[in-house]
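Single-letter residue listing:
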Amino acid sequence: MSAAVSRNRLPIAATAGLLLGAAIMVTPLVWTLLLSFKSNAELMRDSATAFSAPYTLENYRSILVGSSVSRWLLNSLIVSLGTTAGVLILCSLAGYAFARLDFPFRRTLFVFVLLGLAVPEQAVILPRHQFFALLGLHNSYPGLILPGLVAPFGVFFMTQYFRAIPRDLDEAAMLDGASRFTLFWKVLLPLTIPAQATLGVFTFLGSWNDYWWPLISATTSDRFTLTVGLASAQMNYAQTSGLGFLMAQAVFASIPILIVYIIFQKQIVRAMAGTAVR
Amino acid sequence: MSRLVSLLLAVVALAGCGRADDRTEIVVQRFFGECGAVYGQSTDVAAADGECGTLTTIINRFQAENPDIRVRLNVVAWPGYPQLSAQIAAGDPPDLVTMHQSVISDYQGRGLLEPMGGLLRGAGIGPETFTEAGRRGVVKGGRVYGMPWDTIGRLFHINTGLMAQAGLMRDGQPVLPNSPEEMLDHARRFRAATGNPYLIQAQVNAPDTHVGNLYTYLLAQGAVIFPDARHIRLRTPEARRIVELFRTLNAERLSTTNQDFPGATAAFINGQGGIFPTGTWMIGPYEAEAGTPGQPLYRSYAVRPFPRLWGSEAAFVDGHAWVMPRRERSRTERAAVGRFLRFLADHNFDWTRTGHLPSFAAVLDRPDFRALPHRAEIAEMAGTGQQLPDYVQRQSAIQGLIGEELEAAVSGIKPVDQALADAERRVNELLAQMI
Amino acid sequence: MTRSRGKAGHLSGYAFAGPFLLLYATILVYPLLLGIWLSFQRADLFGARTWVGFDNYARLLTDPTFHQSVLNTFVLALLIVPPLTVIALLLALALNRATRTAAVFRGIFFSSSVLSVTIVTLIWRFILTPDAGLVAEISQVLGREPLPFLSHPDLTIPSLAITTIWWSLGFPIMLFLAGLQQVPPDIYEAAALDRSSRWSTFWRITLPSLRRTLVLVIMLQTAAQLQLFGQAQLLTAGGPSGASRTMVLFIYEVVFGRWDLGYGAAAAEILFLLVLGITLAQYWAITRREAER
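Being a predicted model, the structure only gives us computed values, none of them experimental.

Asker: Describe the interface of chain C and chain A, naming the residues involved and giving the relevant values.
Answerer: Contacts between the two partners involve 87 residues from chain C and, on the opposite side, 97 residues from chain A. Carbon and sulfur atoms supply 74% of the area buried between chain C and chain A, which totals about 8900 Å² over both sides. Connecting chain C to chain A are zero salt bridges. For the pair chain C and chain A, the interface holds nine residue pairs in polar contact (both at pLDDT 80 or more). Sort the elements by how many residues they give to the side of chain C that touches chain A and helix H1 (residues 6-38) of chain C lands first, with 21 residues. By residue class, the composition of the side of chain C that touches chain A is 59 nonpolar, 18 polar and ten charged.

Now the structure itself:
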């Protein structure tokens, strides 16, 4: 049990604050869930009817039956998992290099990558669209995944993390005759599991909820991701006449992310409980 | 070696061809949502409900009756223009697209749409069969750039129960004002008698509310809004009069103020105001409320075009159309598109069951159209409905700019004259920068 | 000497960082340069281009709508980043324990992040709308007139800030938790032996050890919130009368509404420079202080 995990009890005031905060977080979510089980016609009159019966599964049925939702779900999974895997690999490699290797222009290149944090999506999205059109990448998985792989934050984050690992580990391993890649793969990478989990969740989330790039890159319905597909399934005045359906969509789209979070959460907790070498 | 490769390639190609579809394929892109859950396989157009259901069954039916054509349907999120622009920029636009008539000038002005007069005539659809409003919506620079699909416009949706309480019903018909003074008078009486605001208006997040009012009553006064493609004229007594009226309605709390569209809809359904000026597309849902015992709107719902407050009867309208982005197409593909359009045109009546007005004049006279609720009262809009001149581009962006300034004016944040001057300046700047 | 020197070291440095740098250059830097080039043109979405020099930038300098969007963007970032950072830090400290309850709470505070912006704004619309919103119901119970959160010029920006803080808490908390894992346990043990108070332990040990994470969170959130878009577009549409229009919303309207691609590109470059300047200033501020230590 690592001592970095606080052992002492929380003061009462903090506990109260925590409970209040949790209530503020949860209330809207519960409310979303309730709305998703209400008929659209009833909600058009008054959204407060969400707190009383009758409830219905109709909205979920509308999502599951008939539309291409399973296809969109698959697309989203492929794109989000592909992006996450790619980001973790690329950023770990680059982060290791920037943190622990010496090569010409290392600092310059690192700052150069940091500049990427400041690039607003709107500044690159249209030129990138033209560029991808030239390469024939639209309406394809690579076209959807590639932009997500450029994650300056991931490099920055992993670099910071690799820097914090004590250097004597490298020396010990190098003395043992390990190659640089073995050192990276066998010794250092396992130490970064908490960081990988954090970055992984963050990347998956961003990719799953991304809207603008898939909207203009995937324009045929068999290549839609879930966000774009669900948006296309809405009627024009969905907020008014399809509120329950909209909320059911929200719940439906969030489930895979919650599952991913739960998986990673275990990782984080295990890392906290002392699996990581200190 | 190379022979082996080419042999392999040939085998692959043959394998591909063996299953190939020799049907002509057309790509049809639309918004209006997805409703496969209910209408996935249905071809029963008459039984379908709502925009999505009706269009889905029409297309299913076409597919069933025309096995030699394959319709590849692409449903996009409303309104679909970012995607369409992206597709055009990438050189891969669909064959037919739903487009608001007010948007056609943008794409047509840039040479991105095909004139469809010849194709439509070949399919037996002449522009003389369109309604007045429909024709005005798709004819740009003297050529036909789309097949009009409907006319949509803003109407007075009226709670007749509350109007009766305020003494504003005569022979079972709502009494609407004939002048701005009379409107204020009605509104004050209504407020005193019912305790509710006379108007329910979606004023938050809804530039179309203010701009719809402004355009409608500018047209009624015969004002020239756009003297040419690069200029708007808003610093006029006509415009000032209109904005002053709505500012007064707000200031005296004769209208709701802090509602967005869902909020205003709920208020109207729950009987919290007299008149909700909003689109034709809400007739269906409100009619359903009017038929449900126990609801505030039960047997208390009527619809009228905007009343004549100045000058002549006028209605500012828009509509949907089917347009054809420019790209290479074979003769058979064109013929298939023509047949598809012909089929749509033949089912225009079914589409009007959604609340929209027809785009084909013949539908207006059909007894089954007249028999639909409230259609007789609003059918005139298919003739009187006007749009902005065909040379005006970026109408939606312009609406956003004007709406922003009018919002400030009617809520009392900005003086009316300044708001109109600012709107005029901003729109002119936008128009000056167009390519 | 831990850093390897010489040719082999160079090679492996590039071998490790190369794949990322290659993608970075083609998918981010190249389009960015195209965008900069575009900002000197009068251009539309479909390939029309005319060179106009600094014309677009000159127009931006005299465009009051753009000025307001810049101001709004900064106010929003100021209203969001400090509270978000403090709240996330406090929560992370409270939840940094290996109990089941703490895990549940971590899940709860993370849960809002799984929602897409569409849904977040939809939920908050129903909380804030003066007609039937949750807050309105409460104020009516208290006998007060409900406030028009989404339509009053002074209230829309705070509304956007609250919505954003609610939505964005999860990730900073995770970063702080990860950061807390790197605090060497023996420091705490020493502090416990010293019988330091909770307060002084926090100031003397926890906070300094979290400095890296703290800066990371502030930098990231600043960069992210200066690019705030979806909330403003969907919750208030930038209104009323532009009172909550952010820079990215401005860019979006110019590009997709007016098809004025060059003008939008110029605005995007200005935003880029602003974010860049602020991020670099923050980065230099820490690296310099690190060097002094």
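Asker: Let's hear about the packing of helix H3 (residues 64-95) of chain C against helix H8 (residues 170-180) of chain C: which residues, and what values?
Answerer: When two helices pack together, their arrangement is captured by the angle between the axes and the distance separating the axes. Residues and elements named next belong to chain C. Relative orientation of the contacting elements H3 and H8 amounts to 50°, with a least axis distance of 8 Å. Looking at the two axes, H3 sits oblique to H8. In this structure, the crossing between H3 and H8 has a hand that is right-handed. Judged by residue contacts, Leu84, Thr85, Ala88, Leu89, Leu91, Ala92, Leu93 and Leu95 of H3 engage Pro172, Ile173, Phe176, Leu177 and Leu180 from H8. Taken together, the residues of the contact of H3 with H8 break down into twelve nonpolar, one polar and no charged.

Asker: Give me helix H13 (residues 283-290) of chain B: which residues, what numbers.
Answerer: Taken as a whole, H13(B) has its buried residues at B:Ile283, B:Tyr286, B:Glu289 and B:Ala290. Down the axis of H13(B), the sector holding all buried residues measures 125°, keeping them to one side. Taken together, the buried residues of H13(B) touch helix H2 (40-45) of chain A together with strand E7 (152-159), helix H12 (261-269), strand E10 (275-279), strand E11 (301-305) and helix H18 (375-378) of chain B.

Asker: Summarise empty space enclosed by the protein; cite the residues concerned and give the values.
Answerer: For the structure shown, the criterion picks out nine cavities of 30 Å³ or more. Secondary-structure elements contributing two or more residues to the lining of the second largest cavity are helix H6 (121-135) of chain A together with helix H4 (81-89) of chain B. With four residues, the top contributor of residues to the lining of the second largest cavity is H4(B). Partitioned by chemical class, the residues of the lining of the second largest cavity number eight nonpolar, three polar and no charged.

Asker: Lay out the interface of chain A and chain B in plain terms, naming residues and giving numbers.
Answerer: Taken together, the 28 residues of chain A in the interface contact 33 residues of chain B. Of the roughly 2500 Å² buried between chain A and chain B on both sides combined, carbon and sulfur atoms contribute 60%. At the boundary of chain A with chain B, the tally comes to two residue pairs in polar contact (both at pLDDT 80 or more). Of all the elements in the fold, those that place two or more residues in the side of chain A that touches chain B are H2, helix H3 (58-64), H6, helix H12 (212-217), helix H13 (226-233) and helix H14 (238-241) of chain A. Here the side of chain A that touches chain B is built from residues that sort into 13 nonpolar, 13 polar and two charged.

Asker: Residues and numbers for the sheet that holds strand E6 (residues 147-148) of chain B, please.
Answerer: All names here are of chain B. Reading across the sheet, the five strands line up as E2-E1-E3-E13-E6 and stay open at both edges, with mixed pairing between neighbours. If you trace the sheet from one side to the other, it starts and ends with strand E2 (69-75) and E6, each paired once. Sheet topology places strand E1 (residues 24-30) next to strand E3 (residues 96-100); two bridges connect them, and they run parallel. Bridge assignment links Val28 to a residue of E3, and that residue is Leu96. Relative to the sheet, helix H5 (residues 101-109) contacts E3, E6 and strand E13 (320-323), its axis offset from that of E3 by approximately 115°.

Asker: A description of the environment of A:Ala22 should follow, citing residues and the corresponding values.
Answerer: Secondary-structure assignment places A:Ala22 in helix H1 (residues 12-36). According to the relative accessible area criterion, A:Ala22 is buried, its value standing at 7%. Distance in space between the C-alpha atoms of A:Ala22 and A:Val87 is 31 Å, their sequence separation being 65 residues. Apart from the residues within four sequence positions on either side, A:Ala22 is in contact with C:Phe105, C:Ile108 and C:Phe109.

Asker: Lay out the state of the cysteines with the relevant residues and their values.
Answerer: In a disulfide, the sulfur atoms of two cysteines are covalently bonded to one another. All names here are of chain B. A complete count under the given rule lists one disulfide over all chains for this structure. What pairs with Cys35 in a disulfide is Cys52, and their sulfur atoms sit 2.2 Å apart. An S-S torsion of about -100° defines the bridge between Cys35 and Cys52 as left-handed. One end of the pair, Cys35, is in the loop between E1 and helix H2 (36-39); the other, Cys52, is in helix H3 (residues 50-65), and 17 residues separate them in sequence. The same class applies to Cys35 as to Cys52, namely buried.

Calculation notes
Residues numbered from 1 in each chain as written. Chains lettered and ligands numbered in written order. Predicted model: local features only at pLDDT ≥ 70, side-chain atom pairs only at ≥ 80, totals over all residues. Heavy atoms only, no water. Contact = heavy atoms within 4.5 Å. Buried area = accessible area lost by both parts, 1.4 Å probe. Salt bridge = Lys/Arg side-chain N within 4 Å of Asp/Glu carboxyl O. Polar contact = N/O pair within 3.5 Å; in protein donor to acceptor, adjacent residues only side chain to side chain. Helix = DSSP H or I, 4+ residues; strand = E, 2+ residues; numbered from the N terminus. Nonpolar A, V, L, I, M, F, W, Y, C, P; charged D, E, K, R; others polar. Axes fitted to C-alpha atoms, helices over the stretch in contact; angles between N-to-C directions. Parallel < 35°, antiparallel > 145°, perpendicular 65-115°, else oblique. Left-handed = near helix turned anticlockwise from the far one by under 90°. Buried < 20%, exposed > 50% of the residue type's maximum accessible area, 1.4 Å probe, protein only. Arc of directions from axis to C-beta. 1 Å grid on protein atoms, 1.4 Å probe; cavity = no way out; pocket = protein on both sides within 12 Å on 5 of 7 lines; lining within 4 Å. Points joined across faces, edges and corners; volume = space filled by probe spheres on them. Pairing = 2+ DSSP bridges. Disulfide = S-S within 2.5 Å.

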